[in-house]
Amino acid sequence: MAEAPSHNWRFFRAGGFDQVRLDGTADLLALPSLDQKLWVALACPTSGLEFDATTLKLLDSDSDGRIRAPELIAAIAWANARLGDSELFGKGVHPLPLAAIGKGDDEGRRLLAAARSLLLRLGRDADAADAAVSVEDAAAAAGLFAQDACNGDGVITARTAGDDADTTTLIGEIVAATGGNADRSGDTGINQEQLDAFYGEAGALLAWRGRPTADPELLPLGADTAAAAAALAAVRAKIDDYFTRCRLAAFDARATGALNGSDADFLALGARLLATADADAAALPLARIEADRPLPLVDTVNPAWTAPLAALAAQAITPLLGARNELSEADWQALQARFAAYAAWQAEKPASALAAALADASDEHLGAIVAGDGLARLAALIAADLARADEGAALADVQRLVHYVRDLAKLADNFVAFRGFYTRREPAIFQCGTLYLDGRSCELCVPVLDAGKHAALAAQSGIFLAYCDCVRGSEKRTIAAAFTAGDSDQLSVGRNGVFYDRQGRDWDATVTRIVDHPISLRQAFWSPYKKVAKFIGESLQKFAAARAKAVDDNAAAQVIAAQTKVTTPGAAEPPKPPPFDAGKFAGIFAAIGLAIGAIGAALASLVTGFLGLPWWQMPIAIAGLLLIVSGPAVALAAFRLRNRNLGPLLDANGWAVNARARINIPFGSSLTQVAKLPAGAERSLSDPYAEQKSPWGFYAFLLIAAAIAAAVAVRLFGGG
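Residues numbered from 1 in each chain as written. Predicted model: local features only at pLDDT ≥ 70, side-chain atom pairs only at ≥ 80, totals over all residues. Heavy atoms only, no water.

Enquirer: Which parts of the structure should I look at to understand the pattern of salt bridges?
Expert: Pairs can form between side chains of opposite charge once their charged atoms are near each other. Under the counting rule described, the total for this entry stands at 37 salt bridges. Note that Asp 23 is salt-bridged to Arg 10, the shortest N-O span being 2.2 Å. On the criterion of sequence distance, the pair formed by Asp 23 in the loop between strand 2 (17-20) and helix 1 (25-29) and Arg 10 in the segment before strand 1 (11-14) is long-range, its members being 13 residues apart. The partly exposed category is assigned to Arg 10, whose relative accessible area is 45%. The shortest N-O distance in the salt bridge between Arg 377 and Asp 373 comes to 3.0 Å. Under the relative-accessibility criterion, Arg 377 is labelled partly exposed at 27%. Connected through shared salt-bridge partners, Arg 10, Arg 21, Asp 23 and Arg 419 make up one network. (Salt bridge = Lys/Arg side-chain N within 4 Å of Asp/Glu carboxyl O. Helix = DSSP H or I, 4+ residues; strand = E, 2+ residues; numbered from the N terminus. Buried < 20%, exposed > 50% of the residue type's maximum accessible area, 1.4 Å probe, protein only.)

Below, the structure is given as structure tokens:
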């Protein structure tokens, strides 16, 4: 048998790599055969996208907050299997015509019947020739179905019980004990599992409580048994310790002193103020240790244990063994044996969270619940609710189908390829809006949950990013805006702008963080000159500031000296400034003159050398000078701008970008628009507030031009 021909894929080049074209249903259905190494992305988050949230939730089959390639492929196959006209699927048709639902099989008939029922529930004509179901129709019908008393999810609520007050009360009790479960309507109810658990625990607790009736030995003291058992448990370990120590003393008398406590123990106690409940005192034996000595209950007892032993004697020893002042080891063993059955019964008490919630219910109330017909009534209501499960599932499948037909082709075009983004046909689903700031509009803006974590990975993209906190009333959000044209001279933390989201709403935006990278070649070209100008300006400012400070300090010193002379007669005269040294200043002026002369000679040599070139070499010399100064910066910027990568910017938001999605210089320039006057706009160059220019600059220019002209004339005609 001949192998079926492979799908004829078509690709386009954008972003420095090949991307597949998804032009119709055939391309979408063939996606399983496309090597996933050729997919632009292999996963994307379900949040932070400009895409229908319901569709993303339906696609996320494992509810992990991410959409992966297998989930997209499975959704496409699922939708295609339920469409009579697959071409509608590739076109993203919405609303979905009823005539296109189903392929004539049982599944198709089921969905078509559900779609017709959906329209009828909304009061629409399901038999009309143009009958169709929209996303809004499906959501409205699903909301109405969810409000039905029986809505197919197996959860019953107080509304399900209707006017039956007893059933309503019983459902409320079970919800309170089990925590309940969310119904499709949003109310809290119970399901069959919780119903069975409630009645099972109620029956077990009731049976456990009734055990003493059949076995009176469980309660040797009747109603007082619990208090007596608690008194015994409070001293059990300490009494066992006492009799064990006495047996050790009988085994070897040398151990008696150590078993009663060391001298250091008593010295430590004697050095501080003691209380009856002192922990160190309580750690000592109950009474003095001697071989085979009974435990005294009244006298010579460790003061820290007097009250617990008295409670044991009053509540357990006296009622069961008779009044006594001491307790032998044999009596102690017999006393414990009388409570052994009670302890075993207590250990069998139901200990689940549900049993704990029922602990306060009386035996009469639990008996009435267990013996009544509530279990059967509630089980019948749950069964009636589940009877509509198929109807609810079919309605949900219609909603899923309408969403898939409308949205899957668009999602694939933003997942398998970034066609819309690179062709600039429409914004990509990861673009959240446009930022207007510093005379520019930035169209590549992505949402950010944690700016610090996002910037750590997004910095690898090589894109200049401005993180902005956006506020609109009580709403807040954070975005990262990519600046890909212009320069960064006026971009800094604290600058304010306006962000427009994809719905056209405006937000106040403030820059909170900058990730610095080259923006444009123009910026790189002028950067050396700007750095030199900045250095000169800062140096002049520092020099001027230093001179001004020196003058201010000198004036202040003179004023203080004058005040001192007036207020303190006979005070020493302030030191006079040294006399003017003409020779010293002559040397300084001479050095300055030599420096100026050297600079002038260098400039003259440079000008003479430049003028000595043939006219056609002069532009080359100027270009070479510019190349030497700006060339390295431009070359480095060009390399980095050509390698800007969209991948890390999206990966920081949870995407799994599978390609080096580059943003080269021309494409980057299109993502950030720089302000420019509209075509045909009139512009007046007259500025009434422009600074008045001094004519000396013009005179200097004329002087230099005359000098150059004279030098040229001498060169051309001076040789005779």
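Having seen it, we continue.
Enquirer: Could you clarify how one ought to interpret the side chain of Asp 278 in this entry?
Expert: Positionally, Asp 278 belongs in the loop between helix 13 (263-270) and helix 14 (279-282). You can call Asp 278 buried: its relative accessible area is 12%. Of note is the side chain of Asp 278, whose polar atom sits 3.0 Å from the backbone nitrogen of Asp 280. Discounting residues that sit within four places of it in the chain, Asp 278 has contacts with Leu 269, Arg 272 and Ala 304. (Polar contact = N/O pair within 3.5 Å; in protein donor to acceptor, adjacent residues only side chain to side chain. Contact = heavy atoms within 4.5 Å.)

Enquirer: Teacher, can you tell me more about helix 16 (residues 329-338) here?
Expert: Since there are 3.6 residues in each turn of an α-helix, residues three or four apart along the chain are aligned in direction. Among the residues of helix 16, those classed as buried are Trp 332, Leu 335 and Gln 336. Axial view of helix 16: buried residues confined to an arc of 95°, hence all on one face. For helix 16, exposure combined with an orientation more than 90 degrees from the buried face picks out Ala 330 and Ala 337. For helix 16, the secondary structure elements touched by its buried residues are helix 11 (225-251), helix 15 (306-321), strand 10 (326-327) and helix 17 (340-347). (Arc of directions from axis to C-beta.)

Enquirer: Quick question: what am I supposed to make of the packing of aromatic side chains here?
Expert: For any two aromatic rings, the description comes down to two numbers: the centre-to-centre distance and the angle of the planes. Taken as a whole and assessed by the stated rule, the structure comprises 16 aromatic pairs. The interplanar angle of 85° and the centroid separation of 6.1 Å between the aromatic rings of Phe 464 and Phe 483 together place this pair among those described as edge-to-face. In this pair, Phe 464 is assigned in strand 14 (residues 464-472) and Phe 483 in strand 15 (residues 475-483), connecting sequence segments 19 residues apart. A network of ring pairs unites the aromatic residues Phe 17, Phe 418, Phe 421, Tyr 422, Phe 430, Trp 655 and Phe 667 as a single cluster. Of note, Arg 400 hangs over the ring of Trp 78, and the distance from its end group to the ring centre comes to 5.7 Å. Lying over the aromatic face of Trp 507, Arg 477 brings its terminal NZ or CZ to 5.3 Å of the ring centre. (Phe/Tyr/Trp six-rings, centres within 6.5 Å; stacked < 30°, edge-to-face > 60°. Lys NZ or Arg CZ within 6 Å of the ring centre and 35° of its normal.)

Enquirer: How do you make sense of the sheet that holds strand 17 (residues 506-515) when you look at a structure like this?
Expert: Picture the strands of a sheet paired through backbone hydrogen bonds; they go either parallel or antiparallel. Judged by pairing direction, the sheet is antiparallel, and its eight strands sit side by side in the order 13-15-14-17-16-11-12-19 without closing on themselves. In this open sheet, the two edge strands, each paired with only one partner strand, are strand 13 (445-448) and strand 19 (672-674). Pairwise comparison of adjacent strand axes, ignoring direction, gives a mean angle of 30° for this sheet. By the bridge criterion, three bridges tie strand 11 (residues 433-437) to strand 12 (residues 440-442) in an arrangement that is antiparallel. Bridging from a neighbouring strand, Leu 437 pairs with Arg 440 of strand 12. Strands in contact with helix 23 (residues 451-458) are strand 13, strand 14, strand 15 and strand 17; relative to strand 14, the strand with the most contacts, it is inclined by about 160°. (Pairing = 2+ DSSP bridges. Axes fitted to C-alpha atoms, helices over the stretch in contact; angles between N-to-C directions.)

Enquirer: Looking at this structure, I do not really get the environment of Ala 129. What am I missing?
Expert: Mapped onto the secondary structure, Ala 129 falls in the loop between helix 5 (106-121) and strand 6 (132-133). With 32 residues separating them along the chain, Ala 129 and Pro 97 place their C-alpha atoms 9.1 Å apart.

Enquirer: Is there a simple way to think about the sheet that holds strand 3 (residues 41-45) in this case?
Expert: With antiparallel pairing, the three strands of this open sheet are ordered in space as 4-3-18. Looking at the sheet topology across the chains shown, the edges are occupied by strand 4 (66-68) and strand 18 (656-657). The sheet contact formed by strand 3 and strand 18 spans two bridges and is antiparallel. Along strand 18, the bridge assignment pairs Ala 43 with Ala 656. Here helix 3 (residues 69-80) sits on the sheet in contact with strand 3 and strand 4, set at roughly 70° to strand 4.

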